[in-house]
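Spelled out from the first residue to the last, the chains are:
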Amino acid sequence: MEKNTLFDKIWDAHVIKSVPAGPDVFFIDKHFIHEVTSPVAFLNLELRGIGVKYPHRTIATPDHNVPTVDQNQTIKDKLSRMQVEKLRENCAKYGIELHDLGSAHHGIVHVIGPELGVTQPGMTIVCGDSHTSTHGAFGAIAFGIGTSEVEMVLATQCIMQSKAKKMRISVEGTLGKGVTSKDIILYIIAKISAAGATGYFVEYAGSAIQSLSMEARMTICNMSIEMGARGGLIAPDETTFAYLKGKQYAPKGADWDKAVAHWKTLKTDDGAIFDKELVFQAADIEPMITYGTNPGMGIKVTGTIPSTQGMEGSNKTSYLKSLDYMGFAPGDAVKGKLVDYVFVGSCTNGRIEDIRAVAQFVKGHQKAENITAWIVPGSREVEKMAHEEGLVKILEDAGFELRQPGCSACLAMNDDKIPSGKYAVSTSNRNFEGRQGPGARTMLASPLTVAAVAITGRITDPRDVF
Amino acid sequence: MAYDKFTVLQSTAVPLPTENVDTDQIIPARFLKATEREGFGDNLFRDWRYDVEGNPKKDFVLNDRTYSGKILVAGKNFGSGSSREHAVWALYDYGFRCVVSSFFADIFKNNCLNIGVLPVTVSPEFANLLFTAIAADPNTILEVNLPKQTINLLATGASETFDINQYKKDNMQHGFDDIDYLINMSAEIEGFEASR
Ligand code: SF4
């Protein structure tokens, strides 16, 4: 019998037709849309005089560009308001389910999909956002698309895609103290570079991955795109099923049993061939932080910034340009450097477990004076739980400022911007120049490291503090 | 929407040898607030092109009159990061019809093909040769020939072939897009959906 990978199984089940010497016509089970990458797609549908083919397969929420204060009031920024209004108009016109600002399940699209149980094993999921890879944590094929493709999915529920190559990354063993799934993924990206998985779809496997909670798995799959991968996925198991059981859109009763029986078949066959295989040891991984302007530029918090030895030409120039932007030099230790902001949030680490972790560590402490600390829950549901569990109180007592759900300072489209030249240690996923505001200097780390930095005011190894 | 046809393009080129240029640099997030597709060219490479007061930065290549043209020759791993198609709209709107690099990020490349900006992947050696040639003579002409799948330096005759799948090539040459194709498949799609 043919041996297939998990990726093959799901992909092949969704191909309606293979175009000779071309891409596959690929069927999409679920489509998420938000206010920033959908308006032009809807506009083009109108220009073509066509509608939305299967509205029930699309779900919408405004997240990228929404304010995180006074969400119940009219959005002040005119252009942002127009985008959100367009989304409302389009959803009403075509009958698309919208989780609007202030509603019970409003939030970052990649946080609410799993929370609602919309995201399920074996599905194909796309969204006009590169971190759609998050949903791969459930054993789904999920990836980001451009606005032209958003239009295709709305119009036909399909896109034209060539099948990616397959890579398996296994992490074996037990994680050390103070090491989280964020450190795993920052470690992998630092090892293989920000372009190291371009052209591939990655399956994460191994005992260290299997031991992770669903939320921790989402953090890993989320950042697949930061090594260039089309997406990442993890085979569904009992942890997955337990997470989904009882969720609003999860199957119920006899349907549930049927679904689980099918989901259990969704794993890579023994002996299936990958185009590339990598194995890492959990014991080698320590708390990580980035020092440059792409997520591949990461080191352990106790490490020093690499020298330019062995680099030449545009490689070296680009590296030095990046360090110059960050205000760092080769050979610098990062530990002990002063920080101005901490940001806990985003679709990478804005879930309840992340907020619990931060709260647990800052409990009874005060943030350092030089630090401005923002916590932005990934969704209303997360915000609600954080209140109910008393986490908000703990965080506010420690001097953190809680904001309302949205992408916020992850991409700084709204007012949540880190000022030029300031250092932010952030639980988000991108440290690109200007990502958190023009001139902002971002260092990516886990929620634990961010909590440690908040307390000490400097780059800190969380294992030294807690 | 269907776009311009692309067959043979002869043009001078703009060099940008920086590596790992992400789409946040090509078009920063704060300029993604429009609900239409026009006008993104003004903000192409916004934060590299202008200082905080909005004055052009002299050392950035788009502000250097020496270089112009419809072809952007870019460093390795161009277009990484966000899936925002606005990055390609901005390149297109500014006047680029072709981007050359030794390595493209996946989603960016797809977006280019969907908009009608031709992404041409060359070897690292050929990319270096192009950077050197453009630096030596900013008026040097590149020819990108889609039917033949070649990129040539006209002055020296240096040339390399590039890959593109036949389907995308046909689309670019005729100005078709994927939606036209998919809409013609409605019956098959409906059959598939009904079986889910
Ligand atoms: S939180 Fe950041 S990475 Fe996630 S969807 Fe929003 S902008 Fe994108």
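Just above, that's the structure.
A brief structural summary. (Residues numbered from 1 in each chain as written. Chains lettered and ligands numbered in written order. Predicted model: local features only at pLDDT ≥ 70, side-chain atom pairs only at ≥ 80, totals over all residues. Heavy atoms only, no water.)

Take the overall build of chain B next. Helices and strands together make up the secondary structure of chain B, namely eight helices and eight strands. Within chain B, contacts between residues at least 6 apart in sequence are counted, and of these 65% link residues at least 24 apart. Of the roughly 8000 Å² that chain B leaves accessible, carbon and sulfur atoms contribute 48%. Measuring between centres, the 18 positive side-chain charges of chain B sit 4 Å from its 27 negative side-chain charges. (Helix = DSSP H or I, 4+ residues; strand = E, 2+ residues; numbered from the N terminus. Contact = heavy atoms within 4.5 Å. Areas by Shrake-Rupley, 256 points an atom, 1.4 Å probe, with all protein chains shown as cover. Lys, Arg positive; Asp, Glu negative; His and termini not counted. Charge placed at Lys NZ, Arg CZ, Asp CG, Glu CD.)

Another point: a negative patch on the surface. On the surface, E36(B), E38(B), D42(B) and D93(B) cluster together into a patch of negative charge. You can see D42(B) is positioned in the loop between α1 (23-26) and α2 (46-49). (Patch = residues over 30% accessible without salt bridge, like charges linked within 9 Å, V, L, I, M, F, W, Y side chains within 5 Å. Salt bridge = Lys/Arg side-chain N within 4 Å of Asp/Glu carboxyl O.)

Right, let's talk about the nonpolar core for a bit. Of all hydrophobic cores here, the largest spans 109 residues; its most connected members are F400(A), F45(B), F78(B), L91(B) and F108(B). The residues contacting F108(B), other than those within four sequence positions of it, are T23(B), I26(B), F78(B), G79(B), A87(B), V88(B) and L91(B). With 86 residues, the next largest nonpolar core counts V126(A), A137(A), I185(A) and A216(A) among its residues. (Core = buried A, V, L, I, M, F, W, Y, C linked by side-chain atoms within 4.5 Å. Buried < 20%, exposed > 50% of the residue type's maximum accessible area, 1.4 Å probe, protein only.)

Right, let's get into the sheet that holds strand β2 (residues 24-27) of chain A. Pairing within the open sheet is antiparallel, and its three strands lie in the order β1-β2-β8 (chain A). Both edges of this open sheet fall to β1 (15-18) and β8 (158-161) of chain A, since each of them pairs with a single strand only. For this sheet, the mean angle separating the axes of adjacent strands, direction not counted, is 20 degrees. Here four bridges tie β2(A) to β8(A), and the two strands are oriented antiparallel to one another. Counted as the bridge partner of D24(A) is Q161(A) from β8(A). The sheet strands contacting helix α8 (residues 186-194) of chain B are β1, β2 and β8 of chain A, and the helix crosses β1(A) at an angle near 150 degrees. (Pairing = 2+ DSSP bridges. Axes fitted to C-alpha atoms, helices over the stretch in contact; angles between N-to-C directions.)

The subject of this paragraph is the sheet that holds strand β7 (residues 150-153) of chain B. Residues and elements named next belong to chain B. Spatially, β1-β6-β7-β8 is the arrangement adopted by the four strands of the open sheet, whose pairing is antiparallel. At either margin of the open sheet sits one strand with a lone partner, and together these are β1 (8-11) and β8 (159-161). Between one strand and the next, the sheet's axes are offset by a mean angle of 10 degrees, whatever the strand orientation. The sheet strands contacting helix α5 (residues 124-136) are β6 (142-145), β7 and β8, and the helix crosses β7 at an angle near 35 degrees.

Each partner contributes to the interface: chain B provides 54 residues, whereas chain A provides 71 residues. Taken together, the two surfaces of chain B and chain A that pack against each other cover about 5100 Å², and 60% of this comes from carbon and sulfur. Joining chain B to chain A, the criterion identifies seven salt bridges. Ionic pairing is found between D29(A) and R196(B), a salt bridge with its closest N-O pair at 3.2 Å. Across the chain B-chain A interface, the total number found is 28 residue pairs in polar contact (both at pLDDT 80 or more). Listed by contribution, the elements that provide at least two residues to the side of chain B that touches chain A are α1, α2, α3 (86-94), α4 (106-115), α6 (166-174), α7 (178-183) and α8 of chain B. For the side of chain B that touches chain A, the per-class residue count stands at 21 nonpolar, 15 polar and 18 charged. (Buried area = accessible area lost by both parts, 1.4 Å probe. Polar contact = N/O pair within 3.5 Å; in protein donor to acceptor, adjacent residues only side chain to side chain. Nonpolar A, V, L, I, M, F, W, Y, C, P; charged D, E, K, R; others polar.)

Turning next to the environment of Y204(A). Residue and element names in this part refer to chain A. Along the chain, Y204 falls in strand β10 (residues 200-205). Excluding its chain neighbours within four sequence positions, the residues that come into contact with Y204 are I169, I185, I209, I220, C221, S224, M227, G232, L233 and I234. Here the side chain of Y204 touches S224 through a polar contact of 2.8 Å, side chain to side chain.

Below, the discussion takes up the pairing of strand β3 (residues 71-74) of chain B. The two faces of β3(B) match: I71(B) and V73(B) on one face and L72(B) and A74(B) on the other face are all buried. Regarding the hand of the β-α-β motif, the stretch spanning β3(B), α3(B) and strand β4 (residues 98-101) of chain B is right-handed. (Right-handed = clockwise from strand over helix to strand, strands pointing away.)

On to the packing of helix α13 (residues 352-362) of chain A against helix α16 (residues 447-456) of chain A. Residues and elements named next belong to chain A. Where α13 meets α16, the axes come as close as 9 Å, and the angle between the chain directions of the two elements is 35 degrees. Considering the relative orientation of α13 and α16, their crossing is right-handed. The segment α13 lies against α16, with D354, A357, V358, F361 and V362 engaging P447, L448, A451 and I455. Residues belonging to the contact of α13 with α16 are distributed by class as follows: eight nonpolar, no polar and one charged. (Left-handed = near helix turned anticlockwise from the far one by under 90°.)

Burial of helix α8 (residues 214-222) of chain A is extensive: nine of the nine residues sit out of reach of the surface. Taken residue by residue, α8(A) has M214(A), E215(A), A216(A), R217(A), M218(A), T219(A), I220(A), C221(A) and N222(A) as its buried positions.

Residues and elements named next belong to chain B. Between α3 and α4, the least distance of the axes is 9 Å, while the angle of their chain directions is 50 degrees. Relative to α4, α3 is oriented oblique. Judged by the twist between their axes, the crossing of α3 over α4 is right-handed. In contact with A87, V88, W89, L91 and Y92 of α3, α4 contributes F108, N111, C112 and I115. A per-class count over the contact of α3 with α4 returns eight nonpolar, one polar and no charged. (Parallel < 35°, antiparallel > 145°, perpendicular 65-115°, else oblique.)

Before going further, it helps to examine the pattern of salt bridges. Within this structure, the stated rule accounts for 34 salt bridges over all chains. In this structure, K33(B) engages D77(A) in a salt bridge whose closest nitrogen and oxygen atoms are separated by 3.5 Å. Separated into two different chains, K33(B) in the loop between α1 and α2 and D77(A) in the loop between β4 (58-60) and α3 (78-94) make up a pair that spans both. The class of D77(A) is partly exposed, set by a relative accessible area of 35%. Among the salt bridges present, the one from D237(A) reaches R217(A), with a minimum N-O distance of 2.9 Å. Note that D237(A) is positioned in the loop between β11 (231-233) and α9 (238-244) and R217(A) in helix α8, a separation of 20 residues in sequence. Linked through salt bridges whose partners overlap, the residues forming this network are D8(A), D12(A), K163(A) and K166(A).

Its place among the elements puts V358(A) in helix α13. Setting aside chain neighbours within four positions, we find V358(A) in contact with V344(A), I375(A), L395(A), F400(A), P447(A) and A451(A).

Okay, unusual backbone geometry next. Residue and element names in this part refer to chain A. One non-glycine residue, Q157, lies in positive phi territory at about 65 degrees. Residue Q157 is classed as buried on the basis of its relative accessible area of 1%. Positive phi, normally seen in glycine, also occurs at A412, with a value near 55 degrees. Mapped onto the elements of the fold, A412 is located in the loop between β17 (401-402) and β18 (423-426).

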